[in-house]
Amino acid sequence: MNGPNVLFAARPDRWDETRGPLEAALAEAGVAADLATDHAPDTVDYIVYAPNGPLQDFSPFTRCKAVLNLWAGVEDVVDNPTLTMPLARMVDPGLTEGMVEYVTAHVLRHHLNIDADITRKPGDWTPVTPPLARDRKVTVLGLGALGSACARALAGLNFDVAGWSRSPKTLPGITCFHGDEGLADALARAEICVALLPLTPATEDLLDADRLARLPEGAVVINPGRGALIVEDALLAALDEGRVSHATMDVFRTEPLPQKHPFWHHPSVTVTPHIASVSRPESCAKVIAENIRRGEAGEPFLHLVDRQAGY
Ligand code: NDP
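Since the structure is predicted, the reported quantities are computational estimates derived from the model, not experimental observations. Here the residue numbers are simple positions, counted from 1 along each chain's written sequence. Confidence filtering applies because this is a predicted model: local features only for residues at pLDDT of at least 70, side-chain atom pairs given and counted only at 80 or more, and all residues used for totals across whole chains, interfaces and linings. In computing side-chain properties, one takes all heavy atoms of the structure into account and sets aside hydrogens as well as water.

A. A look at the packing of helix H2 (residues 93-111) against helix H4 (residues 145-156). Axis lines are fitted to C-alpha atoms, over the contacting stretch for helices. Their N-to-C directions set the angle, which ranges from 0 to 180 degrees. Secondary structure elements follow DSSP: runs of H or I of four or more residues count as helices, runs of E of two or more count as strands, with numbering from the N terminus. Interhelical geometry of H2 versus H4 gives an angle of 50 degrees and a closest axis separation of 9 Å. When the interaxial angle is binned, H2 and H4 end up oblique. The two elements H2 and H4 cross, and the hand of that crossing is right-handed. Of the residues in H4, those in contact with Leu95, Thr96, Met99, Val100, Val103, Thr104 and Val107 of H2 are Ala145, Leu146, Ala149, Cys150, Ala153 and Leu154. Here roughly perpendicular refers to angles of 65 to 115 degrees, roughly parallel to angles under 35, roughly antiparallel to angles over 145, and oblique to all remaining angles. Throughout, a crossing is termed right-handed when the near helix is turned clockwise from the far one, and left-handed when it is turned anticlockwise from it by less than a right angle. Residue contacts are counted whenever heavy atoms from the two residues lie within 4.5 Å of one another.

B. Geometry of unusual backbone geometry. Between Glu255 and Pro256 the backbone carries a cis peptide bond, its omega angle lying at -5 degrees. Inspection of the secondary structure puts Pro256 in the loop between strand S11 (244-249) and helix H8 (262-265). Here Asn158, not a glycine, exhibits a phi torsion of approximately 85 degrees, which is positive. Counting through the fold element by element, Asn158 comes out in the loop between H4 and strand S7 (160-165). Residue classification places Asn158 among the partly exposed positions, given a relative accessible area of 41%. Under the scheme applied here, a residue whose accessible area is under 20% of the maximum for its type counts as buried, over 50% as exposed, and between as partly exposed, the area being computed with a 1.4 Å probe on protein chains only.

C. Main features of the packing of helix H1 (residues 12-28) against helix H9 (residues 281-297). Packing of H1 against H9 leaves a shortest axis separation of 8 Å and a crossing angle of 45 degrees. Taken as axis vectors, H1 and H9 run oblique relative to one another. In the packing of H1 onto H9, the handedness of the crossing is right-handed. Residues Glu17, Thr18, Pro21, Leu22, Ala25 and Leu26 of H1 form the contact with H9, whose participating residues are Pro281, Glu282, Ala285, Lys286, Ile288, Ala289 and Ile292. Classifying every residue of the contact of H1 with H9 by side-chain character gives 9 nonpolar, 1 polar and 3 charged. Asp, Glu, Lys and Arg are counted as charged, while Ala, Val, Leu, Ile, Met, Phe, Trp, Tyr, Cys and Pro are counted as nonpolar; the rest, among them Gly, fall into the polar class.

D. The pattern of salt bridges, seen in detail. Salt bridge, as used here, is a side-chain nitrogen of Lys or Arg placed within 4 Å of a carboxyl oxygen of Asp or Glu. Here the structure, examined in full by the defined rule, presents 17 salt bridges. Residues Glu17 and Arg14 are paired through a salt bridge, measuring 3.5 Å at the closest nitrogen-oxygen approach. Of this pair, Glu17 and Arg14 both sit in helix H1, 3 residues apart, which is roughly one turn of the helix. The partner of Glu75 in a salt bridge is Arg226, with the nearest N and O atoms 2.6 Å apart. One end of the pair, Glu75, is in the loop between strand S4 (66-69) and strand S5 (87-88); the other, Arg226, is in the loop between strand S10 (219-223) and helix H7 (232-240), with 151 residues separating them in the sequence. Classification of Glu75 by relative accessible area gives partly exposed; the value is 22%. The buried category is assigned to Arg226, whose relative accessible area is 17%. Because the salt bridges share partners, they merge into one network encompassing Glu290, Arg293, Arg294 and Glu299.

E. Fine view of the packing of aromatic side chains. Between the rings of Phe, Tyr and Trp (Trp by its six-membered ring), a pair exists once the centres lie within 6.5 Å; its type follows the angle of the planes, with under 30 degrees stacked, over 60 edge-to-face, and the other angles tilted. Applying the stated criterion to the full structure yields 4 aromatic pairs. Note on Tyr46 and Phe301: the rings are 6.5 Å apart at their centroids and 80 degrees apart in plane angle, and the pair reads as edge-to-face. Of this pair, Tyr46 sits in strand S3 (residues 46-49) while Phe301 sits in the segment after H9, and the two are 255 residues apart along the sequence. You'll find Tyr46 and Phe301 in the same group, each marked buried. Summarising the aromatic geometry, the rings of Phe252 and Phe263 are spaced 6.1 Å apart at their centres and angled 50 degrees between planes, so their arrangement reads as tilted. Taken together, the residues Phe252 in the loop between S11 and H8 and Phe263 in helix H8 connect sequence positions 11 residues apart. Like Phe252, the residue Phe263 is buried in the burial classification.

F. Up close: the sheet that holds strand S2 (residues 34-36). If you walk across this open sheet you meet the 5 strands as S2-S1-S3-S4-S5, and the pairing is parallel. Here the strands that pair on one side only, and so sit at the sheet edges, are S2 and S5. Pairing of S4 with S5, which is carried by 2 bridges, proceeds in the parallel orientation. Within S5, the residue paired with Leu68 across the bridge is Ala88. Sitting on the sheet, H9 touches strand S1 (5-9), S3, S4 and S5, and the angle it makes with S3 is about 165 degrees. We treat two strands as partners when DSSP finds at least two bridges between them.

G. Looking closely at the pairing of S3. By the alternation rule, side chains of S3 split into Tyr46 and Val48 and Ile47 and Tyr49, which are all buried. Sheet analysis places S1 next to S3, joined by 4 bridges and oriented parallel. Looking at the pairing, Val6 lines up with Tyr46 of S3. Direction of pairing for S3 relative to S4: parallel, over a ladder of 4 bridges. The partner of Val48 across the bridge, within S4, is Leu68.

H. Expanded view of the domain arrangement of the protein chain. In terms of domain boundaries, the protein chain breaks down into domain 1 (5-92 + 279-297) and domain 2 (95-271). The junction of domain 1 with domain 2 conceals about 630 Å² of combined surface from both sides, 51% of it contributed by carbon and sulfur atoms. The largest contributions to the domain 1 side of the interface with domain 2 come from Glu75, Asp92 and Arg280, which together make up 58% of the buried area. Remark: the boundary between domain 1 and domain 2 carries 1 salt bridge. Each polar contact in these results corresponds to two N or O atoms within 3.5 Å; when the atoms are within protein, one needs to be able to donate a hydrogen and the other to accept it, and residues that are neighboring in sequence are counted only if both atoms are side-chain atoms. Here domain 1 is connected to domain 2 by 3 residue pairs in polar contact (both at pLDDT 80 or more). Partitioned by chemical class, the residues of the side of domain 1 that touches domain 2 number 3 nonpolar, 2 polar and 4 charged. Where a domain begins and ends is set by an automatic assignment or by a domain database. Two parts placed together each lose some accessible area; with a 1.4 Å probe, that loss summed over both constitutes the buried area.

Right under this line is the structure:
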């Protein structure tokens, strides 16, 4: 076969679910690739990669044109000194769709105080008019593939949405802040604060005691980004004092979250086990196949990681 050799370097269960869709997507893209889990390193043209797989040393892959990450987050691979070839991250419509659903559901839960109805005692007929989304300020930290889609969906429900990013942005219906100077304003209005930032040296510990103190009294924090965006002790202190009324956490510094971790036991914390969204085999296979097609045609790769910025 004359097409490129594509090495699938991720856990065996990923191979099982991705192999069929990826073979179909490569064929559809017109790429006659040889897809396998055991190509000799010096024969590999592309690596389909997930950080928790077997591959850590990229140096034997002397002719590899790109490493194509199966996941959106690249913090576990971006600093790998043996990774000298381009790295692309995953921007998958299925992954985005799942994240929009997770974020919208958890924002609506807190906005409407749905917990009060779920835990309502028999006979408790206390009618409280639900608030309107237009009167609720939500801030999404991170306006990338996932954050901007969530911000748009929330704005579509009439929430008063702001977002924060590194570079300036203009998004219809969304108040956009950027940079260090924009963060204080983004936080000050965040009755519900959704963290959808990548983990980089610049975003690690971003939500520390000072920044959490800038949130409005009783704010809700939702973190489907990365655990290390938030200083845990600072969040727990803010929760204990009621300054933050609830935290919905999907990601943690240590995963699985250890059984004794206070987040499991805190009455104002909801833990979800890193399920906010995942790359969906069918749709992410198309993204990978398109990048391999581009590589073979000499076109620029999609979704390249800025190694300096770390995302
Ligand atoms: P993107 O790279 O598309 O977007 C990142 C956003 O964060 C951009 O808007 C970027 O700004 C902003 N940003 C980065 N650094 C800074 C900074 N220092 N200051 C301000 N803004 C910053 O990423 P995605 O939207 O695809 O994914 C975001 C994260 O979501 C992933 O990195 C991953 O950690 C997490 N994730 C979690 C999942 C889960 O199941 N819990 C599933 C998938 C992803 P700019 O636009 O200016 O570049």
